[in-house]
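# Structure at a glance
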Amino acid sequence: MKQPSIAVIGAGKWGQALHFALSQKHEVYITSRSPRDIKNFTDLKTALACDYLIIAIPAQQIRNWLQEHFTFNHQKILVASKGIEATSGQFLNEIYSEFVPEDNIGFISGPTFAAEVIQGLPTALVINTSNESLYHQFAPFFPDFIKTYFSEDVIGAEVAGAYKNVLAIASGICDGLKLGNNARASLIARGLVEMHRFGEYFGAQKETFIGLSGAGDLFLTASSTMSRNYRVGLGLAQGKALETILEELGEVAEGVKTCEAISELTKTHDIYTPIATEVKLILEGKCPKISLRDFLNN
Ligand SMILES: NC(=O)C1=CN([C@@H]2O[C@H](COP(=O)(O)OP(=O)(O)OC[C@H]3O[C@@H](n4cnc5c(N)ncnc54)[C@H](OP(=O)(O)O)[C@@H]3O)[C@@H](O)[C@H]2O)C=CC1
Ligand SMILES: O=C(CO)COP(=O)(O)O
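Residues numbered from 1 in each chain as written. Chains lettered and ligands numbered in written order. Predicted model: local features only at pLDDT ≥ 70, side-chain atom pairs only at ≥ 80, totals over all residues. Heavy atoms only, no water.

The name given to the protein in an unreviewed UniProt entry is Glycerol-3-phosphate dehydrogenase [NAD(P)+], and the organism recorded there is Candidatus Marinarcus aquaticus. Quoted straight from UniProt, the Pathway (unreviewed entry) entry for the protein says "Membrane lipid metabolism; glycerophospholipid metabolism." Of the comments in the UniProt record for the protein, the one headed Sequence similarities (unreviewed entry) reads "Belongs to the NAD-dependent glycerol-3-phosphate dehydrogenase family." (UniProt positions renumbered as here; feature names shortened; annotations may be inferred.)

## A word on the site of ligand 2
Lining the immediate surroundings of ligand 2 are 13 residues, of which Lys 164, Asp 217, Ser 227, Arg 228 and Asn 229 lie closest. In this structure, Gly 110 approaches ligand 2 through a main-chain N or O atom, which is 3.4 Å from an oxygen atom. Here Ser 227 contributes a side-chain N or O atom positioned 2.7 Å from an oxygen atom of ligand 2. Mapping ligand 2 onto the cavity grids shows that it belongs to the largest pocket. (Near = heavy atom within 4 Å. Polar contact = N/O pair within 3.5 Å; in protein donor to acceptor, adjacent residues only side chain to side chain. 1 Å grid on protein atoms, 1.4 Å probe; cavity = no way out; pocket = protein on both sides within 12 Å on 5 of 7 lines; lining within 4 Å. Sits in = over half its atoms within 2 Å of the grid points.)

## Brief notes about the site of ligand 1
Neighbouring ligand 1 are 24 residues; Lys 13, Ser 32, Arg 36, Ala 114 and Glu 254 lie closest to it. Note that an oxygen atom of ligand 1 is positioned 2.8 Å from one of the backbone N or O atoms of Ala 114. Within the contact set of ligand 1, an oxygen atom lies 3.0 Å away from a side-chain nitrogen or oxygen of Arg 228. Surface burial for ligand 1 is 87%, taken as the share of its 900 Å² of free accessible area covered by protein chains. Among the cavities detected, the one that contains ligand 1 is the largest pocket. (Areas by Shrake-Rupley, 256 points an atom, 1.4 Å probe, with all protein chains shown as cover.)

## Describing the layout of surface pockets
Roughly 1200 Å³ of internal volume is contained in the largest pocket. For the largest pocket, the lining is made up of 43 residues, of which Gly 12, Ala 56, Ile 57, Pro 58 and Val 252 are closest to its centre. Considering every element that reaches the lining of the largest pocket, the biggest residue donor is helix H3 (residues 62-69), with four residues. For the lining of the largest pocket, the per-class residue count stands at 16 nonpolar, 16 polar and eleven charged. Mapping the lining of the largest pocket onto the domain boundaries places at least three of its residues in each of domain 1 (6-152) and domain 2 (160-297). What the second largest pocket holds in volume is close to 550 Å³. Looking at the second largest pocket, it is lined by 25 residues, and the ones nearest its centre are Leu 187, Pro 274, Ile 275, Glu 278 and Phe 295. Counting residues per element, the ones that place at least two in the lining of the second largest pocket are helix H7 (154-176), helix H8 (181-201), helix H14 (274-283) and helix H15 (288-297). For the lining of the second largest pocket, the residue count by class is 16 nonpolar, four polar and five charged. (Points joined across faces, edges and corners; volume = space filled by probe spheres on them. Helix = DSSP H or I, 4+ residues; strand = E, 2+ residues; numbered from the N terminus. Nonpolar A, V, L, I, M, F, W, Y, C, P; charged D, E, K, R; others polar. Domains from an automatic or database assignment.)

Quick look at the structure:
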């Protein structure tokens, strides 16, 4: 029987990890802006001609990439990015909806450090799509070490995956200031409440926030130096300039731009988001210790 043609687009950390995972059962192409010495690396044209695409490029680049490089040819698509576009405040599903019909697209969420996936360590993730049959097409592509779940709460997954990056920055700041375990647990718990409140405004389901996409991903990223966003927070607490932190990181930390988007959305829609608000001020240069004082007294 002919194998389905599958391609991963974006050969950063997550794209490469997904390529490794999906290659356990099928031949899978991978492509990126810069050529890489990876098995089955191909050009964009070949990748776009595949039936199934997994797109893992940073959230802030997606609109441009779609405008400049993408042609819809009835591909089935999984989006692996996590973030909200800062220039428009749009969620990724809103951006993609201008290029891909809803029935053809799903969004990956959940606690999935690329560095562990690429070692074949057990991982659970959620495929969020309004088209359940799409889930059943993609799920068998994943290897045995990845357990997949289905959810139709696309907006819930979008909010949770993006918001937890901002909370991971907050948690890194908290640990960088050596505020202790009580403080970090409180921050994470209140962060979960905050991102649920934000998500509820946009129609997300509560269950999404207490499951893998919400609590699962938040607990992971807000408590580990493996998270780039958490490491941004550590750097801020040490008094480093944001530009220096990002330069040293050399990879995407989606929480930085997503925090700008959340800040604009909360102003427009009058949503109470105290943690994201303080993170935004710290990213703009506010002293984290003063931020802590203000936070505790408000
Ligand atoms: N790393 C992780 O553990 C996880 C990451 N994610 C999400 O996946 C997304 C990608 O993250 P990750 O792979 O880790 O990030 P990286 O920083 O490792 O890589 C990003 C890749 O995106 C490509 N890229 C950047 N800008 C453009 C552009 N304008 N057009 C096309 N390609 C571009 C680059 O490809 P090139 O090098 O070829 O230029 C780069 O390698 C993010 O949204 C992240 O939040 C989600 C779950 C887990
Ligand atoms: O989303 C992630 C794990 O689920 C990766 O988080 P970071 O981008 O903070 O490393």
